[in-house]
Amino acid sequence: MVTEELLNDGPEVVVFDSLFKGHRAAADRRAKFVEGELMNPGLLPRTLKENSVQAIIHLAAHSLVTASVETPRNITTTTWWAD
Ligand SMILES: NC(=O)c1ccc[n+]([C@@H]2O[C@H](COP(=O)([O-])OP(=O)(O)OC[C@H]3O[C@@H](n4cnc5c(N)ncnc54)[C@H](O)[C@@H]3O)[C@@H](O)[C@H]2O)c1
């Protein structure tokens with residue numbers, strides 16, 4: 001939905017997702033899709049650079065609070081990435 005709204009507004013969009021939980025079909029086909037893990041130390045920076053990314057909307061997370069508390073994998077990932 002976010003991707004669709006952005007594309008309808010004009011900018012090029014790159015979707016970066018590991019698909020560990022999501023589905024490729026859920027990402028708007030007009031967007032460039034990169035299958036990758038946020039913790040991959042090379043792929044994310046390379047993707048940002050190669051696509052001259054100017055803004056990021058970070059939605060990769062466990063939407064269930066209990067899952068995030070029990071396995072804080074994405075909290076760790078986001079902290080690392082923000083540094
Ligand atoms: N769904 C809700 O009801 C709800 C409510 C409030 C807030 N949120 C928040 O909105 C955001 C997105 O929610 P959603 O419903 O779209 O969740 P979702 O599970 O449908 O999508 C999250 C996507 O992130 C990807 N992802 C997760 N960890 C990743 C990683 N380390 N590397 C690469 N990709 C990774 C998953 O594969 C998945 O496609 C989350 O931050 C969530 O906490 C969701």
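Residues numbered from 1 in each chain as written. Predicted model: local features only at pLDDT ≥ 70, side-chain atom pairs only at ≥ 80, totals over all residues.

1. A look at the overall build of the protein chain
- Of the regular secondary structure elements, the protein chain holds 4 helices and 2 strands.
- By residue count, 2% of the 83 residues in the protein chain fall in the buried class.
- Across the protein chain, the fraction of contacts at a sequence separation of at least 24, relative to all contacts at a separation of at least 6, is 30%. (Helix = DSSP H or I, 4+ residues; strand = E, 2+ residues; numbered from the N terminus. Buried ≥ 20, exposed ≤ 12 C-beta atoms within 10 Å, placed from the backbone. Contact = placed C-beta atoms within 7 Å.)

2. Thoughts on the confidence of the model for the protein chain
- For the protein chain, per-residue confidence averages 86 on the pLDDT scale, and residues scoring 70 or more make up 87% of the total.
- Element-level pLDDT for the protein chain is lowest in helix α4 (residues 73-82), with a mean of 58, against a maximum mean of 97 in strand β2 (residues 32-35). (pLDDT = per-residue confidence, 0-100.)

3. Examining the site of the ligand
- What surrounds the ligand is a group of 14 residues, the closest being S18, G22, L38, A60 and A61.
- Residue composition of the shell around the ligand, by class: 6 nonpolar, 5 polar and 3 charged. (Near = placed C-beta within 6 Å. Nonpolar A, V, L, I, M, F, W, Y, C, P; charged D, E, K, R; others polar.)

4. Looking at unusual backbone geometry
- A positive phi angle, close to 65°, is found at L19, a residue other than glycine.
- By the secondary structure assignment, L19 is in the loop between β1 (14-17) and β2.
- Positive phi is not limited to glycine here, since S52 has a value of about 45°.
- By the element assignment, S52 lies in the loop between α2 (43-50) and α3 (65-70).

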